[in-house]
Amino acid sequence: MIPQKPQSSKLRSMVIGATGYIGSVVAERLLQNGYSVIGVARSSAGADRLRDQGIEPLLASLEEPAQIVNRLADVDVVVYAAYGYNRPEAAIFELENGTSHLTDLLRSMFNSGKTFILTSGTGVVGDSAGIVYAEDTPLPETKAPITLARRKLENEVRAAAENGVRAIVLRPPTVYGRGGGFVVPRYLLDYALAHRESVYVEGTEHNKRSAVHVDDLADLFLLALNRAEPGSLFNTAAETDVSTIDIATSVSKAAGLEGRTRAVSLEEAESIFGHWGIWWAQHNQCSGDRARNELGWQPNRLSLLQEIERGSYAQSGHALGPRP
Ligand SMILES: NC(=O)c1ccc[n+]([C@@H]2O[C@H](COP(=O)([O-])OP(=O)(O)OC[C@H]3O[C@@H](n4cnc5c(N)ncnc54)[C@H](OP(=O)(O)O)[C@@H]3O)[C@@H](O)[C@H]2O)c1
């Protein structure tokens, strides 16, 4: 049961990334819990979709944050579920520049007491190499610009708590469910359906990763909204130890390949999946205990493997054969 905010005057939110996978489910959950939602959309098609869902669209983008900043007076809560530095150039620019794409927005919230929730990601850890990372486990050294920029962004958001913003950071691992997300459908299952093979990087079959169902994640956003302390950080892992070979096997079954898998070299994985091939070869483990203990989070949706084999991916037609 998600606790309700006691004061109805506080039920006003903005979701940046409302047209995206995570943001759309969080926006839906906010609506279900009595919040009005302004959703940032970058296109009129996106705006139309939001309107259909009962969300007030705001045609804007982070490249010109003034329009977003201008509407902050109308909300008490801002949920950020937008881009995660898919292009290294953006990360390098921010690292060299010292500011981020959220600097203006956060500054405009200083001393407001309003809530800002950043959707970060367990990508900030990099390769967890057999360690299950808690929120206070020191992060390993890295030179990867995307990882560094994201760590810097987390710090910037949490530091806003010292300037009168109720700033909270959530770190999701692999997010799955509702037939969406990029890891399972877009990369692994689409590849398996199109090429009639399910692949993993040789030697990584016993690597482990964490995962969370998008609906369990949306529940956690609501819990954080109602209960988290300013400046707090939570991993959002429902599972911590799903093995690579089990994912590859489930994907194979979902694609009608009877559980057969093929080990490929890291180079081949990169040529298939691009940069994500490197991530597929890593461990990515974090613990969701803090969210369970401090916020009372009780994730209870289908596990990642169940969802692939008999959940929304199968139901959404992924398991029926290659797309035309
Ligand atoms: N999915 C996962 O498994 C996962 C795991 C860990 C962390 N995360 C992080 O969670 C966040 C959301 O992920 P997602 O999977 O929901 O991504 P997504 O489906 O690609 O959605 C991204 C959203 O951000 C919007 N957006 C992108 N660039 C923008 C800009 N410059 N200005 C305004 N809006 C912009 C997109 O708008 P359009 O609709 O116009 O493109 C879309 O609404 C990302 O930071 C991602 O790294 C995701």
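Just so we're clear, the structure is a prediction, and the values are computed from it rather than from any experiment.

Visitor: Honestly, the domain arrangement of the chain in this entry has me stumped. Any pointers?
Guide: One widely used convention gives an interface's size as the accessible area the parts lose upon coming together. Looking at the chain, the domain boundaries give domain 1 (11–174 + 212–238) and domain 2 (178–210 + 240–286 + 300–320). Here the C-alpha centre of domain 2 lies 26 Å away from the C-alpha centre of domain 1. Contacts between domain 1 and domain 2 engage 24 residues on the former and 18 residues on the latter. Here domain 1 packs against domain 2, burying approximately 1,800 Å² in sum over the two surfaces, 51% of which is carbon and sulfur. It is Tyr21, Thr174 and His213 in domain 1 that bury the most area against domain 2; as a group they hold 30% of the surface buried on that side. Summed over the shared surface of domain 1 and domain 2, the number is four salt bridges. Among the ionic pairs, Arg178 bridges to Asp215, the shortest N-O distance being 2.7 Å. On inspection of domain 1 and its partner domain 2, the count reaches 12 residue pairs in polar contact (both at pLDDT 80 or more). Every element with two or more residues in the side of domain 1 that touches domain 2 is listed here: helix 1 (21–32) and helix 8 (214–227).

Visitor: Honestly, the packing of helix 4 (residues 88–97) against helix 6 (residues 145–159) in this entry has me stumped. Any pointers?
Guide: Packed helix pairs are specified by the crossing angle of their axes together with the interaxial distance, meaning the distance between the axes. Packing of helix 4 against helix 6 leaves a shortest axis separation of 8 Å and a crossing angle of 50°. Here helix 6 runs oblique to helix 4, going by the angle between their axes. Considering the relative orientation of helix 4 and helix 6, their crossing is left-handed. Listed contacts from helix 6 to Pro88, Ala91, Ile92, Glu94 and Leu95 of helix 4 are Pro145, Ile146, Leu148, Ala149 and Lys152. Partitioning the contact of helix 4 with helix 6 into residue classes produces eight nonpolar, no polar and two charged.

Visitor: Hey, could you run me through the packing of helix 7 (residues 182–195) against helix 9 (residues 244–254) in this one?
Guide: One way to put it is that helix 7 packs onto helix 9 with a least axis distance of 9 Å and a crossing angle of 45°. Between helix 7 and helix 9, the crossing angle belongs to the class labelled oblique. The element helix 7 and its partner helix 9 pack so that their crossing is right-handed. Across from Leu188, Leu189 and Ala192 in helix 7, the residues of helix 9 making contact are Ile247, Val251 and Ala254. Taken together, the residues of the contact of helix 7 with helix 9 sort by class into six nonpolar, no polar and no charged.

Visitor: How should the site of the ligand be read in this particular structure?
Guide: Inspection of the region around the ligand gives 22 residues, with Thr19, Ile22, Arg42, Ala82 and Arg150 positioned closest. Backbone polar atom of Gly17 to an oxygen atom of the ligand: 3.3 Å apart, as the coordinates give it. Taking Leu62, its main chain carries an N or O atom lying 2.9 Å from a nitrogen atom of the ligand. When the free accessible area of the ligand is taken as 900 Å², the share hidden by the protein chains comes to 82%. Residue assignment for the shell around the ligand shows that the elements contributing at least two residues are helix 1 and strand 7 (174–176). Residue classes in the shell around the ligand are distributed as 10 nonpolar, nine polar and three charged.

Rules used in this analysis
- Residues numbered from 1 in each chain as written.
- Predicted model: local features only at pLDDT ≥ 70, side-chain atom pairs only at ≥ 80, totals over all residues.
- Heavy atoms only, no water.
- Domains from an automatic or database assignment.
- Contact = heavy atoms within 4.5 Å.
- Buried area = accessible area lost by both parts, 1.4 Å probe.
- Salt bridge = Lys/Arg side-chain N within 4 Å of Asp/Glu carboxyl O.
- Polar contact = N/O pair within 3.5 Å; in protein donor to acceptor, adjacent residues only side chain to side chain.
- Helix = DSSP H or I, 4+ residues; strand = E, 2+ residues; numbered from the N terminus.
- Axes fitted to C-alpha atoms, helices over the stretch in contact; angles between N-to-C directions.
- Parallel < 35°, antiparallel > 145°, perpendicular 65-115°, else oblique.
- Left-handed = near helix turned anticlockwise from the far one by under 90°.
- Nonpolar A, V, L, I, M, F, W, Y, C, P; charged D, E, K, R; others polar.
- Near = heavy atom within 4 Å.
- Areas by Shrake-Rupley, 256 points an atom, 1.4 Å probe, with all protein chains shown as cover.

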